[in-house]
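Tertiary structure, described
What follows is each chain in one-letter form.
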Amino acid sequence: VNLPLVHEESIQKDTTSPTEVIIGKFMATSVAETEIPSLLFSLALRARDLPEAQKISAAGVVSKVIETLNRYRTSAEICWGATLLLGFMIEHTEVGTSIVETVPELLQLICELLIAHHGHPNALIACCAAFTFIICYENPRTQFPALPLHREVIATVMRCFTEYEAEQRVLSALSLVILNMCMVEPLMIYMHSQGVVPKLAEALRRYPDNTDLANHACRALGNISSAHEEAAAQMADLQLPRLMVDLLRAHLGDPELALAVLRGLRGNSMQDGMGLADMGMIGLVLDLIQRHSTEGKHLVHLAVRTLLKLINGLPHVR
């Protein structure tokens, strides 16, 4: 998550005072509700740097943030600032591990806020970021499918794909949530049943130049299609393999996106070697290997495996 995604220029913040001063103001019992968003944003911007995040954590700010969220649940501005701060802190493994282990109720709280503030795009994006960083840890990832509201979270994400179809920054955040949910098979199965594949396909078609969105969506589609033949068939019906090949052709110089596209095509669609070969996939993979032979070992390894699958799928090879 990068701050242009959440309109950094529109955030009222204090960029000059020492972090200790900001912490002191936020922790004060007399802090006014109107001051809280600015203080939270000021701390969030500092928390992008690990030493600052460690300083904020050591001062006991996380407990105060959670107390504040519980007290002002209906405030979208406070939710935005607080979840942004928590997200940046949890992103640092050195700080995040401690937070996730000592605050087991945090996942439930973030899910409730995501549902409650889905109508506020900035708060929604911040909740998506915090959810993403939390769910990367094993215990929350195991815990989430057991939460009574996990289906409501998925329903909210699916609904927001339609409500925010013109907001690329929101779609990118939502697709990242979907990608992380796709790491858990029961969630993957349920999301497929709720129509996640057409949602991602529509977003990819609408914004083919948004590399963050394409990265998240392709990887999620690869996870789903490699686990479920029905999803792979649906991808073929929606012409997603051709769309992904076109994405690869347009972004051969972007190793991260190229890796995502190869992962997106790793499902049953890869068995249709002739179809992908007709789209020029073999030449594109060879180009990838040549371009990234020195700096992208993982990409090259996957590209070689992809090339072998494509060649084995050709009629004359059989």
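See the structure shown above.
These numbers were taken from a predicted model, which means no experiment stands behind them. Positions within a chain are numbered from 1, following the residues in the order the chain's sequence is written. Residues qualify for local features only when their pLDDT is at least 70, as the model is predicted, and side-chain atom pairs are given and counted only at 80 or more; totals for whole chains, interfaces and linings, by contrast, use all residues. With hydrogens and water stripped out, all remaining heavy atoms of the structure feed into the side-chain values.

**Here we look at the packing of aromatic side chains**
- Centres within 6.5 Å are what make two rings of Phe, Tyr or Trp a pair, Trp counting through its six-membered ring; a difference in plane orientation under 30 degrees is then read as stacked, over 60 as edge-to-face, and the rest as tilted. In total, this model carries two aromatic pairs according to the counting rule given.
- The interplanar angle of 70° and the centroid separation of 4.8 Å between the aromatic rings of F41 and W80 together place this pair among those described as edge-to-face. With F41 in helix α2 (residues 36-46) and W80 in helix α5 (residues 76-91), this pair connects stretches of sequence that are 39 residues apart.
- To sort residues, take the accessible area from a 1.4 Å probe on protein chains only and compare it with the maximum for the residue type: under 20% means buried, over 50% means exposed, and anything in between is partly exposed. With relative accessibility at 4%, the residue W80 sits in the buried group. The helix and strand labels rest on DSSP assignments: H or I over at least four residues marks a helix, E over at least two residues marks a strand, and numbering proceeds from the N terminus.

**Focus: the nonpolar core**
- Buried residues of nine kinds, namely Ala, Val, Leu, Ile, Met, Phe, Trp, Tyr and Cys, make up a nonpolar core once their side-chain atoms join them within 4.5 Å. Of all hydrophobic cores here, the largest spans 122 residues; its most connected members are F144 and I178.
- Among the elements that take part in this core, helix α8 (residues 121-135) stands out by supplying twelve residues, more than any other.
- The contact criterion used throughout is that any non-hydrogen atoms of two residues lie within 4.5 Å. The residues touching F144, leaving out its near neighbours within four places in the chain, are L107, C111, F131, I135, H150, V153, M181 and L187.

**Some words on the pattern of salt bridges**
- Within this document, salt bridges are pairs made up of a side-chain nitrogen of Lys or Arg and a carboxyl oxygen of Asp or Glu, the two lying within 4 Å of each other. Going through the model one piece at a time under the given rule, you end up with nine salt bridges.
- For E167, the salt bridge goes to R169, with nearest N and O atoms at 3.4 Å.
- What makes E167 partly exposed here is its relative accessible area of 32%.
- Taking the shortest distance from any N to any O, the salt bridge between E202 and R206 comes out at 3.4 Å. Of this pair, E202 and R206 are both found in helix α13 (residues 196-206), four residues apart, which corresponds to roughly one turn of the helix.
- Using a relative accessible area of 36% as the deciding quantity, one classes R206 as partly exposed.
- Within the structure, one salt-bridge network assembled from shared partners comprises E20, E52 and K55.

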